[in-house]
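# Understanding the architecture of this molecule
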Amino acid sequence: MHLLLSEELLEVKQLARQIAEEKIKPIREELDKKGEFPHEIIKHMAQSDMFRAFIPEEYDGLGLGISAMSIVTEEFSRVCAGVALGYAGSGLGALPIVLMGTEEQKKKFLPSIASGEKLAAFALTEANAGSDASNIQTTAKKDGDHYILNGTKQFITNGEVASTYIVIANADPIKGIRGLTAFIVEKGTEGFSFGKHENKMGIRASITSELVFDNCKVHKDNIILSEGKGFKVAMKTLDFSRVGVGAQALGIAQGAYEAAVEYAREREQFGKKIINFQLIQAMLADMAIKIEAARALTYTGMAYIDGNGNDYARVGAMVKTFCSDVAMEVTTNAVQVLGGYGYMKEYPVEKMMRDAKITQIYEGTNQIQRLVIAKEIIKRGAEITDMY
Ligand SMILES: Cc1cc2nc3c(=O)[nH]c(=O)nc-3n(C[C@H](O)[C@H](O)[C@H](O)COP(=O)(O)OP(=O)(O)OC[C@H]3O[C@@H](n4cnc5c(N)ncnc54)[C@H](O)[C@@H]3O)c2cc1C
């Protein structure tokens, strides 16, 4: 029995932990060093039905929602957040179809994502459209029953390895944000190629790359919702998926905390195990408190979103911001507990510290998330914090 997880979710969590321990842990250091995508592990995740977890049952999934996507991401991230992102990035790419796709789009695209045969990706960001997503320059010019896409997307997770992409482009630049439109674009479509492959500080086992559209012809049936609704599609998708980033951060923090406790029990200085020093104890106790708080917030948030709670923007922003700040603090202090050894690549905590940083940046920086929360406070008053 788990206070916050159903039996089904608990089973999924246990299976994810087993995969993380048996398949990911032995090669995480090598993947990080080489910056290599874990194709074999992704295949294993697929065979274990991990990708089915967040896809609705009607489309060959298990129908366990954002909760399943989050706890699987948490467990993978406890061992390697880079590998976890290959999984979570596909969840992010599938979400717009799950939440807002037509019946035909769901039938056509979701089963192959559920089986893990195909990965998905979500492409909003551009060189001049990061936090200000309204400044998208990629265009989609109407041409009969098709749209012609031109432009470049930047920093796209699962860039080269995905098969199904959600691309936000502007079909009517004069209308600005009201021209933005969400398209499903398949790998292999003429005029769609890949640009720069990024070399990153952390989450190095995930692929981040540019998507280049050069007169890429996409049928109008691949529009999600309708022309001009792209900003809504993008924002709703991210509002739902941010709990997953929180879960990723939570997993990283958990992994670093475990490594710090294990090390503090073994390492001796001044004739004692360092866990006996109260300043070390204070760091470990603070880690434990903050991880428990982060987990309670994440699990409550994901249950709220799966339970059709309508305050999902505020909830997602809070989970992501809190957990990512916790992950950064916990991993930094885990390195501190390990002293000079923590700084070395022989121990996992320096990687976890590098991996943690991204969770404060992507899917909307923590500065932007704080603005989102503050906007809700200004609009609706202080009572927004007691809504569960
Ligand atoms: C590894 C990685 C993977 C990614 N994956 C994806 C993906 O799959 N799909 C996708 O679409 N995007 C992806 N991104 C993009 C990511 O979401 C953006 O990098 C992020 O939203 C920030 O945008 P930016 O980098 O342009 O920073 P900027 O917007 O230029 O921000 C720079 C700084 O200014 C601050 N700032 C900006 N505006 C304000 C403001 N109004 N008030 C206060 N501070 C402000 C920011 O908080 C930040 O500190 C990824 C990025 C990385 C690094």
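See the structure above.
Residues numbered from 1 in each chain as written. Predicted model: local features only at pLDDT ≥ 70, side-chain atom pairs only at ≥ 80, totals over all residues.

## A look at helix H6 (residues 103–114)
Here H6 is 12 residues long and its end C-alpha atoms lie 16 Å apart, about the 16 Å a rise of 1.5 Å per residue gives. Residues of H6 that are buried include every one of Phe109, Leu110, Ile113 and Ala114, and no others. Projection of H6 onto a plane perpendicular to its axis shows the buried side chains occupying an angular sector of 130°, all on one side. On its buried face, H6 is in contact with helix H5 (81–100), strand E1 (120–123), strand E4 (164–170) and strand E5 (180–186). Gly116, located one to two residues past H6, shows a positive phi value of around 85°. (Helix = DSSP H or I, 4+ residues; strand = E, 2+ residues; numbered from the N terminus. Expected span 1.5 Å × (residues − 1). Buried ≥ 20, exposed ≤ 12 C-beta atoms within 10 Å, placed from the backbone. Arc of directions from axis to C-beta. Contact = placed C-beta atoms within 7 Å.)

## Some details on the packing of helix H1 (residues 7–24) against helix H3 (residues 39–47)
One can describe the packing of H1 onto H3 by two numbers: an axis separation of 11 Å at closest approach and a directional angle of 150°. Compared by their axis directions, H1 and H3 come out roughly antiparallel. In this structure, H1 meets H3 at a crossing whose hand is right-handed. Here Ile19, Lys23 and Ile24 of H1 lie close against H3, whose contacting residues are Ile41, His44 and Met45. (Axes fitted to C-alpha atoms, helices over the stretch in contact; angles between N-to-C directions. Parallel < 35°, antiparallel > 145°, perpendicular 65-115°, else oblique. Left-handed = near helix turned anticlockwise from the far one by under 90°.)

## Points about H3
The set of residues buried in H3 consists of Ile41, Ile42, Met45 and Ala46. One face of H3 carries all of its buried residues, which in axial projection span an arc of 145°. More than 90 degrees from the buried face of H3, the exposed residues found are Glu40 and Gln47. Close packing links the buried residues of H3 with H1 and H5.

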